[in-house]
Amino acid sequence: MTDENKKHGPDEAVEDNVTAEASALEELTIEADAPAEPDPVDALRTENADLRDRYLRLAAEMDNLRRRTERDVKDAKSYSVAGFARDMLAVSDNLRRALDAIPADALESGDAGFKALVEGVEMTERSMLAALERHGVRKLEPVGEKFDPNFHQAMFEVPNPEIANNTVVQVVQAGFVIGERVLRPAMVGVSKGGPKAPAGETSAAQA
């Protein structure tokens, strides 16, 4: 047998086939181990969901900011005059004290000039209270209401078995609110010794 026949014999053909199969198997293994390409549709969906979540969060934050700003502006308008109003209440108190200090008989027997002066003081007091009310300052009228420590300050107790216990029966100094806040609590006398007030009864001052 010649060298040429040995080179191209059956054994050489089998070896070539084995080598080819090994190479093909290696290529398949490499392809299997290689990471799969991400689906562009899934990537877009993920990105869209992320952007939508960011948008909703931003919209919620902006809505909260708008509401908070509106509330702050409203409070500033409602309560900016609180300090000034509190000072004006002291003036109103002095006007009321002056009127209360006038004896009834002196008012009845006084001349026209004296009566005109008293009427002028009364008009000034009413005008001041009306001006305060236009700016949100409201006078409390607690007589007959259930005592409420949020709006009233008890100064003394009045024994009265005919009136429900803990009811405001007298006002020593008028109280005022501005908006929903107490500007000055009413100084009051409350009943004692009467029947217990109904459990569901609430102060009208809160209305």
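Structure shown above.
The structure presented is a predicted model; accordingly, all values stated were derived computationally and were not measured.

## Overview of the overall build of the chain
Argument step 1. Looking only at helices and strands, one finds six helices and six strands in the chain.
Argument step 2. Mapped from its N terminus to its C terminus, the chain presents α and β elements in the order α-α-α-α-α-α-β-β-β-β-β-β.
Argument step 3. Out of the 207 residues in the chain, the part that is buried amounts to 19%.
Argument step 4. Sequence-distant contacts in the chain: of pairs separated by 6 or more residues, those separated by 24 or more amount to 68%.
Argument step 5. Accessible surface, the chain as shown: approximately 15,400 Å² in total, 55% of it carbon and sulfur.

## Some thoughts on the sheet that holds strand 1 (residues 137-139)
Argument step 1. One open sheet accounts for three strands, arranged 1-4-5; its pairing is antiparallel. Looking at which strands have only one partner, the edges of the open sheet turn out to be strand 1 and strand 5 (181-184). Ignoring strand direction, the axes of neighbouring strands in this sheet form an average angle of 35°.
Argument step 2. Of the strand pairs in this sheet, strand 4 (residues 176-178) and strand 5 are connected by three bridges, and their pairing is antiparallel. In the sheet register, Val 177 faces strand 5, and the bridge partner there is Val 182.
Argument step 3. Lying on the sheet, helix 4 (residues 82-100) is in contact with strand 1, strand 4 and strand 5; it crosses strand 5 at an angle near 40°.

## Regarding a nonpolar patch on the surface
Argument step 1. A grouping of Leu 58, Met 62 and Leu 65 is seen on the molecular surface, where their side chains present a nonpolar patch of about 290 Å² in accessible area.
Argument step 2. Inspection of the secondary structure puts Leu 58 in helix 3 (residues 40-79).

## Remarks on the sheet that holds strand 3 (residues 168-173)
Argument step 1. Taken in spatial order, the three strands line up as 2-6-3 in an open sheet, and their pairing is mixed. A strand with exactly one partner marks an edge of an open sheet, and here the two such strands are strand 2 (152-159) and strand 3. For this sheet the average axis-to-axis angle between neighbouring strands, irrespective of direction, equals 30°.
Argument step 2. Bridge analysis of strand 3 against strand 6 (residues 186-192) gives four bridges, and the strand direction is antiparallel. Counted as the bridge partner of Gln 173 is Met 187 from strand 6.

## Looking at the nonpolar core
Argument step 1. Core analysis: the largest hydrophobic core is formed by eleven residues, namely Tyr 79, Ala 82, Ala 85, Leu 89, Met 128, Leu 132, Val 137, Ala 174, Phe 176, Ile 178 and Leu 183.
Argument step 2. For this core, the secondary-structure elements that each account for two or more residues are helix 4, helix 6 (112-134) and strand 4.
Argument step 3. If sequence neighbours within four positions are ignored, Val 137 has contacts with Ala 85, Leu 132, Phe 176, Val 177, Ile 178 and Leu 183.
Argument step 4. Counting residues in hydrophobic clusters, the runner-up holds five residues, among them Phe 147, Val 168, Ala 186 and Val 188.

## Some details on the side chain of Arg 184
Argument step 1. By secondary structure assignment, the location of Arg 184 is in strand 5.
Argument step 2. A polar atom in the side chain of Arg 184 sits 2.6 Å from the side chain of Asp 93.
Argument step 3. A polar contact of 2.7 Å, which involves the side chain of Arg 184, links it to the backbone oxygen of Ala 174.
Argument step 4. Those residues in contact with Arg 184 that sit more than four places away from it in its chain are Leu 89, Asp 93, Gln 173, Ala 174, Gly 175 and Phe 176.

## Observations regarding helix 6
Argument step 1. With 23 residues, helix 6 extends 33 Å from end C-alpha to end C-alpha; this agrees with the ideal 33 Å at 1.5 Å per step.
Argument step 2. Of all the positions in helix 6, only Val 118, Glu 125, Met 128 and Leu 132 are classed as buried.
Argument step 3. Those residues of helix 6 that are buried lie in contact with helix 4, helix 5 (104-109) and strand 1.

## Regarding helix 4
Argument step 1. The first and last C-alpha atoms of helix 4 sit 27 Å apart over 19 residues, in line with the 27 Å expected at 1.5 Å per residue.
Argument step 2. Considered for burial, the residues of helix 4 that qualify are Ala 82, Ala 85, Leu 89, Ser 92, Asp 93, Leu 95 and Leu 99. One side of helix 4 carries all its buried residues, which in axial view fall inside an arc of 165°. Set apart from the buried face of helix 4 by more than 90 degrees, the exposed residues are Phe 84 and Asp 87.
Argument step 3. For helix 4, the elements touching its buried residues are helix 3, helix 6, strand 1, strand 3, strand 4 and strand 5.

Reading the values: the criteria
- Residues numbered from 1 in each chain as written.
- Predicted model: local features only at pLDDT ≥ 70, side-chain atom pairs only at ≥ 80, totals over all residues.
- Heavy atoms only, no water.
- Helix = DSSP H or I, 4+ residues; strand = E, 2+ residues; numbered from the N terminus.
- Buried < 20%, exposed > 50% of the residue type's maximum accessible area, 1.4 Å probe, protein only.
- Contact = heavy atoms within 4.5 Å.
- Areas by Shrake-Rupley, 256 points an atom, 1.4 Å probe, with all protein chains shown as cover.
- Pairing = 2+ DSSP bridges.
- Axes fitted to C-alpha atoms, helices over the stretch in contact; angles between N-to-C directions.
- Patch = residues over 30% accessible without salt bridge, like charges linked within 9 Å, V, L, I, M, F, W, Y side chains within 5 Å.
- Salt bridge = Lys/Arg side-chain N within 4 Å of Asp/Glu carboxyl O.
- Core = buried A, V, L, I, M, F, W, Y, C linked by side-chain atoms within 4.5 Å.
- Polar contact = N/O pair within 3.5 Å; in protein donor to acceptor, adjacent residues only side chain to side chain.
- Expected span 1.5 Å × (residues − 1).
- Arc of directions from axis to C-beta.

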